[in-house]
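# Chain and residue survey
So you can see what is in the structure, the chains are spelled out below.
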Amino acid sequence: MSTLDLETINLNGREVPICVTFAYEINGIIKTIYQLIDNTLFSENSKLAVSEMWVKMFTKIYKLNFEKELKIYVHNLGAFDGYFLLPGLITFKESFLDKKGITSKFDTTVDD
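First, a word on scope: everything that follows refers to the structure included in this document. (Residues numbered from 1 in each chain as written. Predicted model: local features only at pLDDT ≥ 70, side-chain atom pairs only at ≥ 80, totals over all residues. Heavy atoms only, no water.)

Helix and strand content of the protein chain: three helices and four strands. Put simply, the protein chain runs from its N terminus to its C terminus through helices and strands in the order β-β-β-α-α-β-α. Buried positions account for 31% of the 112 residues belonging to the protein chain. Sequence separation of at least 24 residues holds for 52% of the intrachain contacts in the protein chain that already meet a minimum separation of 6. Total accessible area computed for the protein chain in this model is approximately 7,900 Å², and 52% of it derives from carbon and sulfur atoms. (Helix = DSSP H or I, 4+ residues; strand = E, 2+ residues; numbered from the N terminus. Buried < 20%, exposed > 50% of the residue type's maximum accessible area, 1.4 Å probe, protein only. Contact = heavy atoms within 4.5 Å. Areas by Shrake-Rupley, 256 points an atom, 1.4 Å probe, with all protein chains shown as cover.)

Okay, structure coming up:
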C-alpha cells in the first residue's frame, strides 16, 4: 500500500503545489519520501517549476523498483488534488517513461 498527498500555497489568488509526499510500506516498515518545489526556478518560471517537481517525485517513486504493480492512494483525487496530479502524471509519462520505452498504465478510481 502507498499514499500520495500534496501541499499547496495561495499565490496571488491561485493555488500552487509546492510539495509532494509519498508514503509506502515495505517489509512492515512505513517509509516516506518527498519533493519540494525549486524556489529559484519557481520565481523565474512557476509552471516549469511545478512540472519539474512532479517529474522528480515520480522518478524517485519509479526508482524504488517495486516488484509488483504499484497502487497509490491519493487523498482528494476526485477534487482539488486531482487537478494538480493528473498533469504531473502526464508530464512524467511523456518526459520519462516514454523516452525510456517503458509501457505504463494509469487507472483511477474516484470515490466520494
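Turning to the nonpolar core, a few remarks are in order. Ranked by size, the top nonpolar core spans 18 residues in total, and within it Leu4, Val20, Phe22, Ile37, Trp54, Met57 and Ile61 carry the most contacts. Those elements giving two or more residues to this core turn out to be strand S1 (2-11), strand S2 (14-26), helix H1 (39-44) and helix H2 (46-63). Top element by residues in this core is H2. It accounts for seven residues. Aside from chain neighbours lying at most four places away, what touches Ile37 is Pro17, Ile18, Phe42, Ala49, Val50 and Met53. (Core = buried A, V, L, I, M, F, W, Y, C linked by side-chain atoms within 4.5 Å.)

To continue, consider the packing of aromatic side chains. In total, this model carries two aromatic pairs according to the counting rule given. The interplanar angle of 25° and the centroid separation of 5.5 Å between the aromatic rings of Phe22 and Tyr24 together place this pair among those described as stacked. Residue classification places Phe22 among the buried positions, given a relative accessible area of 0%. Residue Tyr24 is classed as buried on the basis of its relative accessible area, which comes to 9%. (Phe/Tyr/Trp six-rings, centres within 6.5 Å; stacked < 30°, edge-to-face > 60°.)

Here Met53 is to be found in helix H2. Between the alpha carbons of Met53 and Tyr34 there is a distance of 9.9 Å; along the sequence they are 19 residues apart. Setting aside anything within four residues of it in sequence, one finds Met53 in contact with Pro17, Ile18, Cys19, Val20, Gln35, Leu36 and Ile37.

Of note in this structure, Asn12 is not a glycine but carries a positive phi near 55°. The topology assignment puts Asn12 in the loop between S1 and S2. On the accessibility criterion, Asn12 (76% relative accessible area) is exposed. Its identity is not glycine, yet Asn27 carries a phi of approximately 55°, on the positive side.

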